[in-house]
Every structure is written in structure tokens, then in C-alpha cells.
Amino acid sequence: MEAAAPRTPADHRVELTVTSPERMRELGRRLAALLRAGDLVMLTGELGAGKTTLTRGLGEGLGVRGAVTSPTFVIARVHPSLGDGPPLVHVDAYRLGGGLDEMEDLDLDVSLPESVIVVEWGEGKVEELTDDRLHVLIHRAAGDTTDEIRRVTVRGVGARWGAVDLEPLESLGG
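Residues numbered from 1 in each chain as written. Predicted model: local features only at pLDDT ≥ 70, side-chain atom pairs only at ≥ 80, totals over all residues. Heavy atoms only, no water.

1. A closer look at the overall build of the protein chain
Link 1 in the chain: For the protein chain, the count of helices and strands is five helices and eight strands.
Link 2 in the chain: Each helix and strand of the protein chain, ordered N terminal to C terminal, gives the series β-β-α-β-α-β-β-α-α-β-β-β-α.
Link 3 in the chain: Within the protein chain, buried positions represent 44% of all 174 residues.
Link 4 in the chain: Sequence-distant contacts, at least 24 apart, represent 64% of the contacts inside the protein chain between residues at least 6 apart. (Helix = DSSP H or I, 4+ residues; strand = E, 2+ residues; numbered from the N terminus. Buried < 20%, exposed > 50% of the residue type's maximum accessible area, 1.4 Å probe, protein only. Contact = heavy atoms within 4.5 Å.)

Next comes the structure, spelled out in C-alpha cells:
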């Protein structure tokens, strides 16, 4: 991965080019090192962009139990920690049309303090859970299903992420 654009210290984001699924998993492993219990990660990108692949890397980096697969039909999966880290709650909000009201049955607000919650398709649905979140936006070339190159923007929102240095993510290389 390579840095796509310079940023100022006040800008809590990095922009990367990810060249393969393994690099996407590596980005997830690197992001996991920045996460702690109580963190919300929102993943945005079209079908096949790499959201679940990134989440697999997060699971590996957090050291959780169970294969991280898309929870599309079960909506949410909990992956307990194999060590002393937080569990990973992996949510796929694709089939949920409404906002936080429709997601209340998942009790994400109850799980958040002791877990890392990753929500695919969460934009416009889970922002009310917390003022602090990490938003990962994954772009791929429109209509090209064979191109593995992705443009990824990692943006920290809120005071929690204002204090986190995202710059080490830029050192992944292409």
C-alpha cells in the first residue's frame, strides 16, 4: 500500500492504495493494533470491495476465535477473544433499512463498552452509538470485478481518534 495523498496533522485520516486481498487483511491486522474495547468501526464500500476481508484481518489482529465470515444472513456474529483482548462483534447492516432504531435488537449499545464492533454497511445507521468511531471507506473501480486494487480512506471521528496516530498504516507498501 502506498500513501495516496498528503495530509495535515489536524486531518485524522489516511488514504491508501491496497493492491491485493492479502494487503487488505494486513491493513485489518494493522488497524487491530489501534483498537480497544469500546471502539466502533464502520466499513463502507460496494459489494465485493473487501469489507469482510478487512474484518478477517481485524479478527486475526485482535486474536479472536472463529473464522470471520460475512454475517449477511445472521446480521451479527460475536467472536470471543482467545486472550485477554476484547471480543469482536461483526455486523452486516446491508439488509437493515432503518437507522439505529432497527438495530436496537442487536444490543450494540450494550456490547460496545467491552467489545470492538465492526459494522459493514453501517453508514447512516450506527453513528448515534458513539461520538467516536473509525470510518473505513473502500473504493474499487466501478464495474471492474477483476481489478484487486482498492483505494481506502481510514478516517478517525471524535476525540478518541484525534489522539491516535494513523500514519503507521501508510507504511504497508504496495
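2. Re the packing of helix H1 (residues 21-32) against helix H2 (residues 51-62)
Link 1 in the chain: In contact at an axis separation of 6 Å, H1 and H2 are set at 45 degrees when each is read in the N-to-C sense. The angle between the axes of H1 and H2 places the two elements in the oblique class. Judged by the twist between their axes, the crossing of H1 over H2 is right-handed. Each of Pro21, Met24, Arg25, Leu27, Gly28, Arg29, Leu31 and Ala32 in H1 lies in contact with H2, whose residues at this interface are Thr53, Leu54, Arg56, Gly57, Leu58, Glu60, Gly61 and Leu62.
Link 2 in the chain: Grouping the amino acids of the contact of H1 with H2 by side-chain chemistry returns eight nonpolar, four polar and four charged. (Axes fitted to C-alpha atoms, helices over the stretch in contact; angles between N-to-C directions. Parallel < 35°, antiparallel > 145°, perpendicular 65-115°, else oblique. Left-handed = near helix turned anticlockwise from the far one by under 90°. Nonpolar A, V, L, I, M, F, W, Y, C, P; charged D, E, K, R; others polar.)

3. Section: the pairing of strand E6 (residues 116-120)
Link 1 in the chain: Of all five residues in E6, five are buried; the element is thus mostly enclosed.
Link 2 in the chain: Burial along E6 is two-sided: Val116, Val118 and Glu120 facing one way and Ile117 and Val119 facing the other are all buried.
Link 3 in the chain: As paired strands, strand E3 (residues 40-44) and E6 are joined by four bridges and run parallel to one another. Bridged to Val41 within E6 is Val118.
Link 4 in the chain: Note that strand E5 (residues 88-92) and E6 share five bridges and pair parallel. When the bridges of E6 are listed, Val91 appears paired with Val119. (Pairing = 2+ DSSP bridges.)

4. Observations regarding the confidence of the model for the protein chain
Link 1 in the chain: Averaged over all residues, the pLDDT of the protein chain equals 83, while 78% of them reach at least 70.
Link 2 in the chain: Every residue in residues 2-10 is under pLDDT 50, and counting partners more than four places away or in other chains gives 15 contacts. (pLDDT = per-residue confidence, 0-100.)

5. With respect to H1
Link 1 in the chain: The first and last C-alpha atoms of H1 sit 17 Å apart over twelve residues, in line with the 16 Å expected at 1.5 Å per residue.
Link 2 in the chain: Considered for burial, the residues of H1 that qualify are Met24, Leu27, Gly28, Leu31 and Ala32. All buried residues of H1 lie within an arc of 140 degrees about the axis, which places them on one face of the element.
Link 3 in the chain: In this structure, the buried residues of H1 make contact with strand E2 (13-18), H2, strand E7 (133-140) and strand E8 (150-157). (Expected span 1.5 Å × (residues − 1). Arc of directions from axis to C-beta.)

6. Quick look at the pattern of salt bridges
Link 1 in the chain: Evaluation of the coordinates by the stated rule reveals seven salt bridges.
Link 2 in the chain: For Arg29, the salt bridge goes to Glu22, with nearest N and O atoms at 2.4 Å.
Link 3 in the chain: We note a salt bridge from Arg29 to Glu60, for which the minimum N-O separation is 2.4 Å. Residue Arg29 is located in helix H1, and its partner Glu60 is located in helix H2; the two are separated by 31 residues in the primary sequence.
Link 4 in the chain: When salt bridges that share partners are traced, they join Glu22, Arg25, Glu26, Arg29, Arg30 and Glu60 into one network. (Salt bridge = Lys/Arg side-chain N within 4 Å of Asp/Glu carboxyl O.)

7. Looking at the nonpolar core
Link 1 in the chain: Leu27, Leu31, Val136 and Val154 are the most contacted members of the largest nonpolar core, which totals 29 residues.
Link 2 in the chain: Tallying contributions element by element places H1 first for this core, with four residues.
Link 3 in the chain: The contact partners of Val154, leaving out residues within four places of it in the chain, are His12, Arg13, Val14, Leu31, Leu134, His135, Val136, Leu166 and Leu169. (Core = buried A, V, L, I, M, F, W, Y, C linked by side-chain atoms within 4.5 Å.)

8. Looking at the pairing of E5
Link 1 in the chain: Most of E5 sits inside the fold, with five of its five residues counted as buried.
Link 2 in the chain: Here E5 shows two buried faces, one formed by Leu88, His90 and Asp92 and the other by Val89 and Val91.

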